[in-house]
Number of protein chains: 2
Amino acid sequence: MLLSTKGDYGVRALIDLAKHAGEGPVQRSDIARRRQLPESYLDHLLAQLRRDGFVRSTRGPGGGHELTRPAEEITLLSVLECLEGSLAPMVCVADANRGGESLCGQSWVWAEIYDDMRARLAAVTIAELVEHERQHERAIAANYSI
Amino acid sequence: MLLSTKGDYGVRALIDLAKHAGEGPVQRSDIARRRQLPESYLDHLLAQLRRDGFVRSTRGPGGGHELTRPAEEITLLSVLECLEGSLAPMVCVADANRGGESLCGQSWVWAEIYDDMRARLAAVTIAELVEHERQHERAIAANYSI
DNA sequence: TACAATGCTGAGTAGTTTAGTCGTGAATCG
DNA sequence: CGATTCACGACTAAACTACTCAGCATTGTA
Ligand code: FES
Ligand code: FES
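To keep things clear, this report deals only with the structure shown in the data block. Counting restarts for each chain: residues are numbered from 1 in the order of the written sequence. Labels are handed out in written order, letters beginning with A for the chains and numbers beginning with 1 for the ligands. Reporting in this predicted model follows two pLDDT cut-offs: at least 70 for local features of residues, and 80 or more for side-chain atom pairs to be given and counted; totals over whole chains, interfaces and linings ignore these cut-offs and use all residues. Note that the side-chain values use all heavy atoms of the structure and ignore hydrogens as well as water.

**Structural notes on the protein's contact with DNA strand D**
Neighbouring DNA strand D are 23 residues, the closest being Tyr 9, Ser 40 and Pro 61 of chain A together with Arg 28 and Arg 50 of chain B. Any residue with a heavy atom lying within 4 Å of a molecule or strand is counted as near it. Considering the 4 Å shell around the protein, atoms of DNA strand D inside it are sugar or phosphate in 69% of instances. We call two N or O atoms a polar contact when they sit within 3.5 Å, provided that within protein one can donate a hydrogen and the other can accept it, with sequence-adjacent residues counted only if both atoms are side-chain atoms. Side-chain polar atom of Asp 43 of chain B to a base nitrogen of DNA strand D: 3.1 Å apart, as the coordinates give it. Per the convention used, a helix needs a DSSP run of H or I reaching at least four residues, while a strand needs a run of E reaching at least two, with both numbered from the N terminus. Contributions of two or more residues to the surface near DNA strand D are made by α1 (5-19) and α3 (39-51) of chain A together with α3 (39-51), β1 (55-58) and β2 (64-67) of chain B. Considered class by class, the residues forming the surface near DNA strand D number six nonpolar, twelve polar and five charged. Think of it as three bins: nonpolar holds Ala, Val, Leu, Ile, Met, Phe, Trp, Tyr, Cys and Pro, charged holds Asp, Glu, Lys and Arg, and polar takes everything else, Gly as well.

Following this line, the structure appears as structure tokens:
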């Protein structure tokens, strides 16, 4: 039932990019270090994200990666489906065969769960995750400053 | 993200047992044939279900498997967790470390999704699935009789 | 132009998981 | 006893995961 690490890692990377948006390209090595990801693995994830138009990359010195659009417009759902493929918990509720007859009498439950899940993931943007993180940092800072 | 077939198969088997409850032990081979499951695989699933107290088995001629309690008391969640282990979609939201600090800023989303999912699965019983199946059968029958 | 910094790509890989099969043994009924 | 049924563990092929690595392509700077 577990997602692979790809989705998690990819979202972490995009959060990092969003946080440094407007400061020019961010390098792979910086993302990897800050977010605790294996750099050579992150490489592949960024490639996929680029293919799907989430990021734009520039080579050469001073190069790196940037978001192609504001973080407010990037939903968690779109990122995860880019990196993980379909998030369907059962083959019979995958997007392809939604018209097909219910095979085993429990598929309707999974269909409901899947719809819920997608709705929740579609309602969260990378920008919100960045905001959450900033709030969390402020809370930590406040704790120490008291 | 996909569940393994174990959960699906196991639920199918329990639906079959529930449907024939009160008619004495049901044999593996019958379940396998009716529900289109590989019999020698079903074997392992029934073993697990027995270990966890969902079914009781008797050997010898006329032996087979029966539910230990009414289908109304068996939730989908309990069956799936028996056969699949934890259904957590991310390690960081697994039951073990629910107290642990959020690691990467998106775990709260997954925690919400996981809670939703468990709630939905806990709200459905094997008895309801049997009822659904019976209604479906009646609908088919009605269609043909017209 | 040389060269260093950076990203791009595909091949390879060790370990794990999935979805089973098979064989042997144990219990039970007649 | 012998047929029937479940019980259990060993085994396996195929797929997937989470990587690493080597080599190439592109770009900025001196
Ligand atoms: S076949 Fe899809 S839930 Fe059983
Ligand atoms: S570490 Fe759990 S969602 Fe990222």
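**A word on the pairing of strand β2 (residues 64-67) of chain A**
Every regular strand shows the same layout, with side chains that alternate between the two sheet faces. Residue and element names in this part refer to chain A. Here strand β1 (residues 55-58) runs beside β2; their pairing, made up of four bridges, is antiparallel. Looking at β2, one finds that Ser 57 is bridged to His 65. DSSP calls a pair of strands paired once it identifies at least 2 bridges connecting them. Where β1 folds back onto β2 in an antiparallel hairpin, the turn is made up of five residues, including Gly 60, whose phi is positive at roughly 80°.

**Things to note about the protein's contact with DNA strand C**
Close to DNA strand C lie 25 residues; Arg 50 of chain A together with Tyr 9, Ser 40, His 44 and Pro 61 of chain B are nearest. When atoms of DNA strand C within 4 Å of the protein are split into backbone and base, the sugar-phosphate part holds 65%. One of the side-chain N or O atoms of Arg 59 of chain A is found 3.3 Å from a base nitrogen in DNA strand C. Between Ser 40 of chain B and DNA strand C, the recorded distance is 2.5 Å, taken from a side-chain N or O atom to a phosphate oxygen. At the level of secondary structure, the elements contributing two or more residues to the surface near DNA strand C comprise α3, β1 and β2 of chain A together with α1 (5-19) and α3 of chain B. Across the surface near DNA strand C, the residue classes break down as six nonpolar, 14 polar and five charged.

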